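Structural description and commentary
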Amino acid sequence: SSRQGIAVLQHSQVQAADWIWLIDHSVQLGKMRVLIVLGIRQSELPVGRPLQKQDMQPLAVVPTQSRTKEDVASTLGELAELVGKPIGVVSDGATELHEGVRILENKESELVLLDDVKHKAANLLKRHLGKDARFTEFNSRVGQTNPSIQQTELEHFLPPTKKTKSRFMNLSRLLDWAEMVRHHLQNSTAPGNRGITQERLQEKLGWLLEYEQDIQAWRECREVVSTVLEFTNREGVQAGGSTEMNKLLDKRPTSNLAQQIQRGLREVVKENERKLTASAHAE
């Protein structure tokens, strides 16, 4: 039961009125998922540096076969009885987590629910790149390339294996691979080309040069996301933070595609800032 899951960690928990929780569901293994809650007290937030893993305290590790909003709310409610109601919760965009927190929330509790910027960035990439016909076409060509060069003298040019949950990492790895292949296509004396004719390399991988402008646009998408994540990881959420972040983004000439992702991320960071500064717990 959820009570058993929470009880495992009771020895390390402290009753307090200023908990901030980070909540997430683990990747599903078989029929099971695990709801994980990490916590830090507002009074113990680090000053002058980003939050680190060792700052956080594990509050709940709850295995479950169901992850409905009611289940999440029930588990979080039990945890709140043990350690005190949180003043803030950070989660990804999963509906069951958001709705579960809202069920937990009541009118007497000024609970701030903030969106995890990294997950929002991944969702924006999925949404906009998923609608990009050239990106879909490019991925199809990548998939066709894999079997055509596997177990050949070109095997060291195999595209990276996709990770199921890491959309941003997948994009970054794919762009790094494309840049590496482009370098070899345009530099016949590159070390990796030894024993390979330029005709053979062009035959199997020359198609990639058709996407140079597209790859530049996707690279700009990655740069926008990296800029936002680096800023929010370093500065967190604070009054005036979105204005400072926007100054960094304004310096970047971007493609239409990157501008769409940029606008979405500006809105996410601004909304987090609005929620925090409007909270009764804001310092």
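Look a little higher up for the structure.
Keep in mind that this is a model prediction, so the values were computed, not measured. (Residues numbered from 1 in each chain as written. Predicted model: local features only at pLDDT ≥ 70, side-chain atom pairs only at ≥ 80, totals over all residues. Heavy atoms only, no water.)

Below, the discussion takes up the pairing of strand β2 (residues 33-41). Here 7 bridges tie strand β1 (residues 19-25) to β2, and the two strands are oriented antiparallel to one another. Bridging from a neighbouring strand, I20 pairs with I40 of β2. Here β2 runs beside strand β3 (residues 57-64); their pairing, made up of 7 bridges, is antiparallel. Of the residues in β3, the one forming a bridge with L38 is P58. (Pairing = 2+ DSSP bridges. Helix = DSSP H or I, 4+ residues; strand = E, 2+ residues; numbered from the N terminus.)

We now examine the pattern of salt bridges. A complete count under the given rule lists 15 salt bridges for this structure. E137 is paired through a salt bridge with R134; the nearest N and O atoms lie 3.2 Å apart. Placement of both E137 and R134 in helix α5 (residues 133-149) is noted, with a separation of 3 residues, approximately one turn of the helix. Looking at R134, the relative accessible area reads 30%, which means it is partly exposed. The salt bridge partner of R266 is D250, with a shortest N-O separation of 2.8 Å. With R266 in helix α10 (residues 256-278) and D250 in helix α9 (residues 241-250), this residue pair connects regions lying 16 residues apart in the sequence. A relative accessible area of 55% means that D250 is categorised as exposed. Shared partners join several salt bridges into a network, and the residues in it are R134, E137 and D214. (Salt bridge = Lys/Arg side-chain N within 4 Å of Asp/Glu carboxyl O. Buried < 20%, exposed > 50% of the residue type's maximum accessible area, 1.4 Å probe, protein only.)

At a minimum axis separation of 8 Å, helix α2 (residues 69-83) and helix α3 (residues 95-104) run at an interaxial angle of 50 degrees. Relative to α3, the element α2 lies oblique. For the pair α2 and α3, the sense of crossing is right-handed. Side by side, α2 and α3 meet where K69, V72, A73, L76, G77 and A80 of the first sit next to E96, L97, E99, G100, V101, I103 and L104 of the second. Among the residues forming the contact of α2 with α3, the class breakdown is 8 nonpolar, 2 polar and 3 charged. (Axes fitted to C-alpha atoms, helices over the stretch in contact; angles between N-to-C directions. Parallel < 35°, antiparallel > 145°, perpendicular 65-115°, else oblique. Left-handed = near helix turned anticlockwise from the far one by under 90°. Contact = heavy atoms within 4.5 Å. Nonpolar A, V, L, I, M, F, W, Y, C, P; charged D, E, K, R; others polar.)

For the rest of this paragraph, the subject is the nonpolar core. If you look at the biggest cluster of nonpolar residues, it comprises 40 residues, and the most contacted ones within it are F138, F157, W177, L208, I215, W218 and L265. At the level of elements, α4 (117-130), α5, α6 (167-186), α7 (198-205), α8 (212-235), α9 and α10 are the ones that each hand at least two residues to this core. For this core, the leading source of residues is α8, giving 8 residues. Among the nonpolar cores identified, the runner-up in size contains 21 residues, and L35, L76, V89 and L104 belong to it. (Core = buried A, V, L, I, M, F, W, Y, C linked by side-chain atoms within 4.5 Å.)

Applying the stated criterion across every chain, the model contains 5 aromatic pairs. Among the aromatic residues, ring-to-ring pairing joins F135, F138, W207, Y211 and W218 into one connected group. (Phe/Tyr/Trp six-rings, centres within 6.5 Å; stacked < 30°, edge-to-face > 60°.)

We now examine the sheet that holds strand β5 (residues 112-115). Judged by pairing direction, the sheet is mixed, and its 5 strands sit side by side in the order β3-β2-β1-β4-β5 without closing on themselves. Strands at the two margins of the open sheet, each flanked by one partner only, are β3 and β5. Looking at each pair of strands side by side, their axes are set apart by 20 degrees on average, direction ignored. Here β1 runs beside strand β4 (residues 86-91); their pairing, made up of 4 bridges, is parallel. When the bridges of β4 are listed, L22 appears paired with V90.

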